[in-house]
Amino acid sequence: IIITRVFLLTTSVHCFNWIFTNYALLDLPLHSIWTWLFSLLVVEFTYYWTHRALHEFNILWAAHQFHHMAEDVNITTTIRDSVVDLFIYAVFPLPLALLVPPPCLMVHIQFSLIYQVWLHNSVVGNLGFLEYVINTPRQHRVHHGKNPYCIDKNYGALIMIWDRMFGTHQTEKEKILYGVVSPTPKTYDSMILQFGYYRDVWRKFCKVEGFWNKMWALFKGPGWAPGKPRLGDIKDVPEVDYSQPKYSHDPYIADWKKVYIAYHSIVVVLGFYLLGEHPYLRFSPEKGMIAILYVVYLLTSFGAVFDNRSWVAPLEISRCLAYFLFDYFLIYSVQWPIGPGQHLLLDILMWTTRAAHLVSVMFWLGYCFRQRTGTESADTDSQEYAVVGKGVKDMESET
């Protein structure tokens, strides 16, 4: 997600500059306070309608629902976005470059994103008169609730003016349960979590009859069905059950899996921190795409480990082997602009990582062998049990 954000930010800067340079309708002075105030208002206005569209169009909700699957509202929820969601947020503001200088736009767009970090918490309470103007954690908690009174409310980022003007503002009332109304996929596979809802959209599209109903299955709300209002009937949203477990998917995960995933995750974070500072990757779209694909591969494999998939061993073996190719082309063959002492530290770190991946390959090979042996033993036991059972039945029939 972070790599995608960086890629989209770079692309947005170029697009804003190109549109403004060639097609600007206004020539607002960059150093005027009124230009900056106008920029703030139009950026927030665009964000409001973009965010609202993500909730009110089923095909767009398929991208945004990953953010709302979070059953806690904390700082990590801020960065829980799908790749398509980020792309939509990057594309919708592009026409603003017809009216506002790109530096103003980029400052306000990035400030809006940073501001939303603190909105995702369950600690800050009522901030009084400030809640009439700016967005606050208390108001944003409503947006993440699956209580009927919380559905499709409070879309603003920095200010709450547009919600109050367009009738989507809602204050916090009874206790809120967070998450989505539809069942959350019981998996840790990030690909299923990010893109699985598109399958539901497709099934709904195929199920309804008639051209316009098929179009409405895409471009009306997630709760729409033939004969219902555009956004669905709010009466269809079930009342929350406070007696149910907090998390819809909370399986037992062995400690060794947690340690294993934690180690390899730290390796990835450190690796991309180092690579992110290197011009070899920073200014190479091809290398950046390789890095993104490897991370997708890695997250899918990690999800399989936690989900106890039957094919987790071959997947992890192939992932660990793929690491060596990734290592060779993006790390080993790169000239690092660092001192001799830092080279020694980098070599120790990298050879430790390589050894860990090699050990991981051997571990999963042993895991495969153990699983196969265990299966064969179980099959043998079953066959012996069947033979004994048949003998007992024969004796009983003779008797």
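Residues numbered from 1 in each chain as written. Predicted model: local features only at pLDDT ≥ 70, side-chain atom pairs only at ≥ 80, totals over all residues. Heavy atoms only, no water.

Colleague: Please explain the confidence of the model for the protein as it appears in this structure.
Modeller: Any residue range with low pLDDT should be treated as having predicted coordinates unsuitable for detailed reading. Per-residue confidence for the protein averages 85 on the pLDDT scale, and 85% of its residues sit at or above 70. The low-confidence segment residues 377-399, where pLDDT is below 50, has 0 contacts with residues more than four positions distant or belonging to other chains. (pLDDT = per-residue confidence, 0-100. Contact = heavy atoms within 4.5 Å.)

Colleague: What am I meant to see in the environment of lysine 258 here?
Modeller: For lysine 258, the position within the fold is in helix 11 (residues 255-276). In this structure the C-alpha to C-alpha distance between lysine 258 and phenylalanine 306, which are 48 residues apart in sequence, comes to 8.5 Å. Contact partners of lysine 258, with chain neighbours within four places excluded, come to Ile253 and Phe306. (Helix = DSSP H or I, 4+ residues; strand = E, 2+ residues; numbered from the N terminus.)

Colleague: Sorry if this is basic, but what is going on with the UniProt feature "transmembrane region" (unreviewed entry) in the protein here?
Modeller: Here, UniProt's "transmembrane region" (unreviewed entry) annotation points to residues 7-26, 32-50, 86-109, 115-134, 259-276, 288-308, 320-338 and 344-367. The span residues 115-134 carries 25% helix and 0% strand; its end-to-end C-alpha distance comes to 11 Å. (UniProt positions renumbered as here; feature names shortened; annotations may be inferred.)

Colleague: Which parts of the structure should I look at to understand the packing of helix 2 (residues 33-56) against helix 6 (residues 102-119)?
Modeller: Each pair of packed helices can be summarised by the angle the axes make with each other and by the distance between the axes. For the pair helix 2 and helix 6, interaxial distance at closest approach is 9 Å and the crossing angle is 55°. Classified by the angle their axes make, helix 2 and helix 6 are oblique. As helix 2 packs across helix 6, the resulting crossing turns out to be right-handed. Across the interface between the two elements, Thr35, Trp36, Ser39, Leu40, Val43, Glu44 and Tyr47 from helix 2 touch Pro103, Cys104, Leu105, Val107, His108, Ile109, Ser112 and Gln116 from helix 6. A class-by-class count of the residues in the contact of helix 2 with helix 6 yields 9 nonpolar, 5 polar and 1 charged. (Axes fitted to C-alpha atoms, helices over the stretch in contact; angles between N-to-C directions. Parallel < 35°, antiparallel > 145°, perpendicular 65-115°, else oblique. Left-handed = near helix turned anticlockwise from the far one by under 90°. Nonpolar A, V, L, I, M, F, W, Y, C, P; charged D, E, K, R; others polar.)

Colleague: Whenever I open this one, the packing of aromatic side chains confuses me. Can you help?
Modeller: For any two aromatic rings, the description comes down to two numbers: the centre-to-centre distance and the angle of the planes. All chains considered together, the criterion is met by 25 aromatic pairs. Centre to centre, the rings of tyrosine 115 and tryptophan 118 are 6.0 Å apart; their planes meet at 75°, and the pair counts as edge-to-face. On the criterion of helical spacing, the pair formed by tyrosine 115 and tryptophan 118 is a turn pair, its members being 3 residues apart in helix 6. Ring centres 5.3 Å apart and planes at 65° place the aromatic pair tyrosine 188 and phenylalanine 306 in the edge-to-face group. Taken together, the residues tyrosine 188 in the loop between helix 8 (161-165) and helix 9 (190-207) and phenylalanine 306 in helix 13 (residues 285-307) connect sequence positions 118 residues apart. Its relative accessible area of 29% is what places tyrosine 188 among the partly exposed residues. Taken together, the ring pairs connect Phe45, Tyr48, Trp49, Tyr155, Trp162 and Phe166 into an aromatic cluster. Just above the ring of tryptophan 351 sits the side chain of arginine 354; from NZ or CZ to the centre is 4.6 Å. (Phe/Tyr/Trp six-rings, centres within 6.5 Å; stacked < 30°, edge-to-face > 60°. Buried < 20%, exposed > 50% of the residue type's maximum accessible area, 1.4 Å probe, protein only. Lys NZ or Arg CZ within 6 Å of the ring centre and 35° of its normal.)

Colleague: Looking at this structure, how should I read the side chain of serine 360?
Modeller: Mapped onto the elements, serine 360 comes out in helix 15 (residues 340-398). Classification of serine 360 as buried rests on a relative accessible area of 5%. Within the local environment of serine 360, its side chain forms a polar contact with the side chain of histidine 264, the two groups lying 3.1 Å apart. Dropping the residues within four chain positions of it, serine 360 is found in contact with Tyr260, His264 and Cys320. (Polar contact = N/O pair within 3.5 Å; in protein donor to acceptor, adjacent residues only side chain to side chain.)

Colleague: Is there a simple way to think about the pattern of salt bridges in this case?
Modeller: One side chain can pair with another of opposite charge once the charged atoms of both are near each other. A complete count under the given rule lists 9 salt bridges for this structure. Salt-bridge contacts for glutamate 56 lead to arginine 230; the nearest nitrogen and oxygen are separated by 3.1 Å. Pair noted here: glutamate 56 is in helix 2 and arginine 230 is in the loop between helix 10 (211-219) and helix 11, with a separation of 174 residues, a long-range link. The buried category is assigned to glutamate 56, whose relative accessible area is 6%. (Salt bridge = Lys/Arg side-chain N within 4 Å of Asp/Glu carboxyl O.)

Colleague: What is the right way to look at a nonpolar patch on the surface in this model?
Modeller: A contiguous nonpolar surface patch, about 890 Å² in accessible area, is contributed by Phe45, Trp49, Phe129, Leu130, Tyr132, Val133, Ile161, Met165 and Phe166. At the level of elements, helix 2 and helix 8 are the ones that each hand at least two residues to the nonpolar patch. According to the relative accessible area criterion, phenylalanine 166 is partly exposed, its value standing at 32%. (Patch = residues over 30% accessible without salt bridge, like charges linked within 9 Å, V, L, I, M, F, W, Y side chains within 5 Å. Areas by Shrake-Rupley, 256 points an atom, 1.4 Å probe, with all protein chains shown as cover.)

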